[in-house]
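# A look at the structure
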Amino acid sequence: MPRRRIGFWYRFAAVICKPPLVVLVKRDWRGMENIPAGGGFITAVNHNSHADPFLYGHFQYNTGRVPRFLAKSGLFKKGFVGAAMRGTGQIPVYRESTDALSAFRSAIDAVERGECVAFYPEGTLTRDPDGWPMTGKTGAARVALRTKCPVIPVAQWGANELLPPYSKKLRVFPRKTHRVLAGPPVDLSRFYDREMTPELLKEATGAIMAAVTRQLEEIRGEKAPDTPYDPRRERREQRRRTQAQTHGKAAPAGQGEELST
């Protein structure tokens, strides 16, 4: 299937965004040959800065296969920003509503039309203390298994140095380098034509995130932790610690001394 033409809004956004990006950061981009020349596909990308959609979007734009990001539905309602989001074909995500599944259906439709849909499988900025990818959500795996489209694992590093996670302050000097490495498609064939159970989706998502992490290991020249950071596990542990502290404070006088002897 032929690739979709880039269109007015994407070219207009590029005219506005590319000059400052070129000034602010140097580029070390590898793996463009792994971006399919035609047909629908998914990119699975790690997320470590509020700036990386722009920097990663620049990389993807230069491949000739522009990405359709999944983005919060509220962004589509705000004047010029909303018009640009709609015009560039981004996909709104409606949280906690009857339209919550529409993003999933829209992503499938886009892939079947021959588009590139860019997923941040972590769902939010990484909370790993060292910036490694967290455990992923299952959306990318759902679309991939439904459409059997290629899933390209993409790692990036450098946007987080320009704009650290959860920060609003740019660190312009010294000039940062945005590094991107796109890998070959993740082999998900062992999951095809099987019942799409939560366990299957979790395993397929793990395979996707492992591939993204391997690309980031190559970029950083470091080994990632054996066990990815899991926000849900961390929240459970935090609740357990809080409960333990609360019970400890409520213990009768002298009990603490008995327990410590």
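Right above here is the structure, for reference.
So, here's what we can say about the structure. (Residues numbered from 1 in each chain as written. Predicted model: local features only at pLDDT ≥ 70, side-chain atom pairs only at ≥ 80, totals over all residues. Heavy atoms only, no water.)

Another point: the pattern of salt bridges. Tallying each qualifying case throughout the model produces 11 salt bridges. Put simply, glutamate 222 and arginine 220 hold a salt bridge, and the shortest N to O gap is 3.6 Å. With relative accessibility at 16%, the residue arginine 220 sits in the buried group. Arginine 241 is paired through a salt bridge with glutamate 234; the nearest N and O atoms lie 3.1 Å apart. For glutamate 234, a relative accessible area of 31% puts it in the partly exposed group. (Salt bridge = Lys/Arg side-chain N within 4 Å of Asp/Glu carboxyl O. Buried < 20%, exposed > 50% of the residue type's maximum accessible area, 1.4 Å probe, protein only.)

On to the sheet that holds strand β4 (residues 91–93). Taken in spatial order, the 7 strands of this open sheet run β1-β7-β6-β2-β5-β3-β4, and their pairing is mixed. Sheet topology places β1 (25–30) and β4 at the edges, where each strand pairs with a single neighbour. The average angle at which neighbouring strand axes cross in this sheet is 25°, direction not considered. The pairing of strand β6 (residues 151–157) with strand β7 (residues 176–182) spans 4 bridges and is classified as antiparallel. By the bridge assignment for β7, valine 154 is matched with alanine 182. (Pairing = 2+ DSSP bridges. Helix = DSSP H or I, 4+ residues; strand = E, 2+ residues; numbered from the N terminus. Axes fitted to C-alpha atoms, helices over the stretch in contact; angles between N-to-C directions.)

Within the structure shown, the criterion is met by 0 disulfides. Free of any disulfide, cysteine 116 has its nearest neighbouring cysteine sulfur in cysteine 149, separated by 9.3 Å. (Disulfide = S-S within 2.5 Å.)

So, about a positive patch on the surface. Side chains of Lys72, Lys78, Arg95, Arg127, Lys137, Lys202, Arg233, Arg235, Arg236 and Arg239 sit close together on the surface and give a patch of like positive charge. Per-element tally for the positive patch: the top contributor is helix α8 (residues 231–250), with 4 residues. Relative to the helices and strands, arginine 127 resides in the loop between β5 (116–119) and α5 (139–147). Judged by its relative accessible area of 41%, arginine 127 is partly exposed. (Patch = residues over 30% accessible without salt bridge, like charges linked within 9 Å, V, L, I, M, F, W, Y side chains within 5 Å. Areas by Shrake-Rupley, 256 points an atom, 1.4 Å probe, with all protein chains shown as cover. Lys, Arg positive; Asp, Glu negative; His and termini not counted. Charge placed at Lys NZ, Arg CZ, Asp CG, Glu CD.)

Mapped onto the elements, tyrosine 94 comes out in the loop between β4 and α4 (102–112). The class of tyrosine 94 is partly exposed, set by a relative accessible area of 28%. Distance from tyrosine 94 to lysine 169, taken between C-alpha atoms, is 29 Å for residues 75 residues apart in sequence.

The subject of this paragraph is unusual backbone geometry. Cis geometry marks the peptide bond from phenylalanine 173 to proline 174, where omega comes out at -10°. Within the secondary structure, proline 174 is located in the loop between α6 (159–162) and β7. The phi angle at tyrosine 166 is positive, at roughly 60°, despite the residue not being glycine. Inspection of the secondary structure assignment puts tyrosine 166 in the loop between α6 and β7. The backbone of aspartate 193 shows a phi angle near 55°, a positive value even though the residue is not glycine. Secondary-structure assignment places aspartate 193 in the loop between β7 and α7 (198–220). Take aspartate 193: its relative accessible area is 71%, and that puts it in the exposed class.

Below, the discussion takes up the layout of surface pockets. In this structure, the second largest pocket spans a volume of roughly 690 Å³. Taken together, 28 residues line the second largest pocket, and the ones lying closest to its centre are Met134, Thr135, Gly136, Met209 and Pro228. Per element, the largest residue contribution to the lining of the second largest pocket is 9 residues, and it comes from α7. Of the residues in the lining of the second largest pocket, the class split is 10 nonpolar, 7 polar and 11 charged. (1 Å grid on protein atoms, 1.4 Å probe; cavity = no way out; pocket = protein on both sides within 12 Å on 5 of 7 lines; lining within 4 Å. Points joined across faces, edges and corners; volume = space filled by probe spheres on them. Nonpolar A, V, L, I, M, F, W, Y, C, P; charged D, E, K, R; others polar.)

These figures capture arrangement, not role.
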